[in-house]
Amino acid sequence: EIEAHKLVEKADPNFGDDIYLLRYVLSHHKKGVEKAINALKETIKWRAKHQAILPAIRNGTQAPPKDEVLRPFFPMSPHYRTTDGHIIYVVRNGIANGHAAFEGKATPEDMADWATLSKEAMFGITDSETRKAGRLLKLVTLMDFKGAGLSSYNGKLNSSMSRASKESELFYPQLLRKSIIFNMPSVIGTIVSVFLKLMPHSLQEKISICNEHSPEGIRRVCREELHIDIKDLPTFLGGECECEGGCIRNVPNAQCERITAEEGSTRKQTSWLQSLERINRPTVKVDDMQNK
């Protein structure tokens, strides 16, 4: 414990207390203390490498490198909370366009770095919420594959996301509570299954594929298994929420086709900070309520 404290304090004075170390204990308790210490050392080495940008990414004042190139083609962001306090994070995999992103001056390495560094902001938010609540609060991820097909497959993208998944599990322990894949087309089911097997076993245990495809079935899973209120569930997942401009990164909820290169370059994008702010529902003023 003393060794761990010293290691963390040297790397980042904002972290390193017992709550932070608890994440490593919980993630590696089956494999022993040595495994937890080694994971912590790897994390410290990575944080030291990126120490110039991590604080700004964490507080929302700076986006990860290449965000302006990649963000338009990968609609994902937080979207309110579950009824028991965890943060909902929605990824619209089915309409993402890795081909267009890589043609826009981004490499697979850039993609992996971007995906991993993007977790810093969510980790900072959940860590702050954890300390306020006195219990671990995490992400509940909803991955929507509606619109995906064989043409969506991109080997470079899969390789990037595989690396990012492994790094996120290592560098951000206890960040993910549960992740469910919805609207999985049968034509890419095998590809996704193979991809999932490349992830760390600890991460595989948290990911499942929903066999329900009807709006009613998806709502039931979200309500009963994930404790998500239907009013906070986007309409493209069978819920009632339809934020102005689109629930996730200004992409219309009704869109089921892949984001084209032209769309990605011309559509007005929410800023990095704006995307992080959609965690708490906005308070409705009395005047606004009377007008409605």
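Rules behind the numbers
- Residues numbered from 1 in each chain as written.
- Predicted model: local features only at pLDDT ≥ 70, side-chain atom pairs only at ≥ 80, totals over all residues.
- Heavy atoms only, no water.
- Buried < 20%, exposed > 50% of the residue type's maximum accessible area, 1.4 Å probe, protein only.
- Helix = DSSP H or I, 4+ residues; strand = E, 2+ residues; numbered from the N terminus.
- Pairing = 2+ DSSP bridges.
- Salt bridge = Lys/Arg side-chain N within 4 Å of Asp/Glu carboxyl O.
- Axes fitted to C-alpha atoms, helices over the stretch in contact; angles between N-to-C directions.
- Parallel < 35°, antiparallel > 145°, perpendicular 65-115°, else oblique.
- Left-handed = near helix turned anticlockwise from the far one by under 90°.
- Contact = heavy atoms within 4.5 Å.
- Nonpolar A, V, L, I, M, F, W, Y, C, P; charged D, E, K, R; others polar.

## A word on the pairing of strand S1 (residues 76-81)
Here's step 1: The buried fraction of S1 amounts to six of the six residues, a majority that puts the element mostly inside the structure.
Here's step 2: What sits between the antiparallel neighbours S1 and strand S2 (residues 87-91) is a turn of five residues, in which Gly 85 has the positive phi angle 100°.

## With respect to the pattern of salt bridges
Here's step 1: In this structure the tally under the stated criterion is 16 salt bridges.
Here's step 2: Among the salt bridges present, the one from Glu 120 reaches Arg 47, with a minimum N-O distance of 2.9 Å. Taken together, the positions of Glu 120 in helix H7 (residues 108-133) and Arg 47 in helix H3 (residues 33-49) put the pair 73 residues apart, joining distant regions of the chain. As far as burial versus exposure is concerned, Glu 120 and Arg 47 are alike and both buried.
Here's step 3: The salt bridge involving Arg 71 is made with Asp 67; its shortest N-O contact spans 2.6 Å.
Here's step 4: On the basis of relative accessible area, Arg 71 is assigned to the buried category, the value being 12%.

## Brief notes about the packing of helix H2 (residues 18-28) against H7
Each packed pair of helices is defined by two parameters, the angle between the axes and the distance between the axes.
Here's step 1: Put simply, H2 and H7 touch, their axes get as near as 11 Å, and they point 110° apart. Here H2 lies roughly perpendicular to H7, going by the angle between them. Considering the relative orientation of H2 and H7, their crossing is right-handed. Contacts between H2 and H7 involve Ile 19, Tyr 20 and Arg 23 on the former and, on the latter, Phe 123, Thr 126, Asp 127, Thr 130 and Arg 131.
Here's step 2: Here the contact of H2 with H7 is composed, by residue class, of three nonpolar, two polar and three charged.

## Here we look at the pairing of S2
Here's step 1: A large share of S2 lies buried, amounting to five of its five residues.
Here's step 2: Of the two faces of S2, the one lined by Ile 87, Tyr 89 and Val 91 and the one lined by Ile 88 and Val 90 are each fully buried.
Here's step 3: As paired strands, S2 and strand S3 (residues 139-144) are joined by five bridges and run parallel to one another. Paired with Tyr 89 across the two strands is Thr 141, which belongs to S3.

## Quick word on the sheet that holds strand S4 (residues 176-182)
Here's step 1: Spatially, S1-S2-S3-S4-S5 is the arrangement adopted by the five strands of the open sheet, whose pairing is mixed. Only two strands of the sheet have a single partner each, and these edge strands are S1 and strand S5 (207-209). Taken over all neighbouring pairs, the strand axes of this sheet differ in orientation by 20° on average, direction set aside.
Here's step 2: Of the strands in this sheet, S1, S2 and S3 are in contact with H7, which crosses S2 at around 160°.

## Some remarks on unusual backbone geometry
Here's step 1: Residue Asn 183 is not a glycine yet carries a positive backbone phi of 55°.
Here's step 2: Along the chain, Asn 183 turns up in the loop between S4 and helix H9 (189-197).
Here's step 3: The backbone phi angle of Asn 250 is positive, close to 65°, even though this residue is not glycine.
Here's step 4: Here Asn 250 shows up in the loop between helix H11 (215-224) and helix H12 (261-266).

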